[in-house]
Amino acid sequence: MSNKPLTYLAFIILVLGGGLLIGANTMPGDWYQSLAKPAFNPPNWVFAPVWSILYVLIGVVGARTWLAFRRSMAMRLWFAQLVLNFAWSPLFFGLRDPMSAMIVILGLLVSIIAFIAASWRQDRTAALLFLPYLAWIAFASALNAAILVLN
């Protein structure tokens, strides 16, 4: 795909569409509501808008990296983080397995950090656009860990 706008659109649709589809199929239900949660657990309404914004950013970064550095380590790390991201909700909410989800989210955290490091010199903008995602996944990792401890 050499058409830049179409590339951006395709990546945003892939990421946002995939994330929304997975989210719709793994909605937190009664099981999640019954779990003990830490005091810093945000209200449920926060998750959809935060994830929607992050998924757009992830798509933009994926398109930037694809267009300029398609065969780079950064691109491989971008795909790795997406696979791990998309695996978390089915594990946590679908299979009700916070321990496996914790392992996946830690791998996700590492892959995001590695992507930022790999992108820093070649595309600083892409690296910087991943910082909010890194912050959210660090927070989500703490939340996942706290739920494991409390339950």
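The structure under discussion appears in the preceding block.
Given the structure is predicted, the values throughout are model-derived calculations rather than measurements.

A. Region of the structure containing the nonpolar core. Trp78, Phe92, Phe115, Phe130, Tyr133 and Ile137 are the most contacted members of the largest nonpolar core, which has 40 residues in total. For this core, the elements supplying multiple residues, two or more each, are helix 1 (4–25), helix 2 (30–34), helix 3 (47–69), helix 4 (73–94), helix 5 (98–119), helix 6 (124–129) and helix 7 (131–150). Tallying contributions element by element places helix 4 first for this core, with 10 residues. Those residues in contact with phenylalanine 92, other than ones at most four positions away along the chain, are Trp31, Tyr32, Leu35, Asp97, Pro98, Ala101, Asn144 and Ile147.

B. Looking closely at the packing of helix 3 against helix 4. One way to put it is that helix 3 packs onto helix 4 with a least axis distance of 9 Å and a crossing angle of 155 degrees. Relative to helix 4, the element helix 3 is oriented roughly antiparallel. Judged by the sense of rotation from one axis to the other, the crossing of helix 3 with helix 4 is left-handed. Across the interface between the two elements, Trp51, Tyr55, Ile58, Val61, Gly62, Thr65, Trp66 and Phe69 of helix 3 pack against Ala74, Met75, Trp78, Phe79, Gln81, Asn85 and Phe86 of helix 4. Split by residue class, the contact of helix 3 with helix 4 holds 11 nonpolar, four polar and no charged.

C. Up close: a nonpolar patch on the surface. Together, Leu6, Leu9 and Ile13 make up a nonpolar patch on the protein surface, roughly 290 Å² of accessible area in all. One can find leucine 9 in helix 1. The exposure class assigned to leucine 9 is partly exposed, which follows from its relative accessible area of 46%.

D. Local environment of the pattern of salt bridges. Tallied over the full model, the rule gives one salt bridge. Its salt-bridge partner being aspartate 123, residue arginine 64 comes within 2.7 Å of it at the nearest N-O pair. With arginine 64 in helix 3 and aspartate 123 in the loop between helix 5 and helix 6, this pair connects stretches of sequence that are 59 residues apart. According to the relative accessible area criterion, arginine 64 is partly exposed, its value standing at 26%.

E. Structural view of the side chain of serine 72. Here serine 72 shows up in the loop between helix 3 and helix 4. The class of serine 72 is buried, set by a relative accessible area of 12%. At a separation of 2.6 Å, a polar atom in the side chain of serine 72 contacts the main-chain carbonyl oxygen of phenylalanine 69. Aside from chain neighbours lying at most four places away, what touches serine 72 is Thr65 and Gln122.

F. Layout of the environment of glutamine 122. Here glutamine 122 lies in the loop between helix 5 and helix 6. The sequence separation of glutamine 122 and alanine 68 amounts to 54 residues, and the corresponding C-alpha distance is 9.0 Å. Beyond its immediate sequence surroundings of up to four residues, glutamine 122 is in contact with Phe69, Ser72 and Ala74.

G. The arrangement of helix 7 in detail. Helix length check: helix 7 (20 residues) gives 29 Å between terminal C-alpha atoms against 28 Å at 1.5 Å per residue, within 8%. Buried within helix 7 are the following residues: Tyr133, Trp136, Ile137, Ala140, Ser141, Leu143, Asn144, Ala146 and Ile147. Along its buried surface, helix 7 packs onto helix 2, helix 3, helix 4 and helix 5.

H. Structural detail: the packing of aromatic side chains. Under the definition given, this model contains 18 aromatic pairs. With a centroid separation of 5.6 Å and an interplanar angle of 65 degrees, the aromatic rings of tryptophan 31 and phenylalanine 92 are classed as edge-to-face. Here the residue tryptophan 31 occupies a position in helix 2, and phenylalanine 92 occupies one in helix 4, the gap between them amounting to 61 residues. For the pair formed by tryptophan 31 and phenylalanine 92, the shared burial category is buried.

Reading the values: rules and limits
- Residues numbered from 1 in each chain as written.
- Predicted model: local features only at pLDDT ≥ 70, side-chain atom pairs only at ≥ 80, totals over all residues.
- Heavy atoms only, no water.
- Core = buried A, V, L, I, M, F, W, Y, C linked by side-chain atoms within 4.5 Å.
- Buried < 20%, exposed > 50% of the residue type's maximum accessible area, 1.4 Å probe, protein only.
- Helix = DSSP H or I, 4+ residues; strand = E, 2+ residues; numbered from the N terminus.
- Contact = heavy atoms within 4.5 Å.
- Axes fitted to C-alpha atoms, helices over the stretch in contact; angles between N-to-C directions.
- Parallel < 35°, antiparallel > 145°, perpendicular 65-115°, else oblique.
- Left-handed = near helix turned anticlockwise from the far one by under 90°.
- Nonpolar A, V, L, I, M, F, W, Y, C, P; charged D, E, K, R; others polar.
- Patch = residues over 30% accessible without salt bridge, like charges linked within 9 Å, V, L, I, M, F, W, Y side chains within 5 Å.
- Areas by Shrake-Rupley, 256 points an atom, 1.4 Å probe, with all protein chains shown as cover.
- Salt bridge = Lys/Arg side-chain N within 4 Å of Asp/Glu carboxyl O.
- Polar contact = N/O pair within 3.5 Å; in protein donor to acceptor, adjacent residues only side chain to side chain.
- Expected span 1.5 Å × (residues − 1).
- Phe/Tyr/Trp six-rings, centres within 6.5 Å; stacked < 30°, edge-to-face > 60°.

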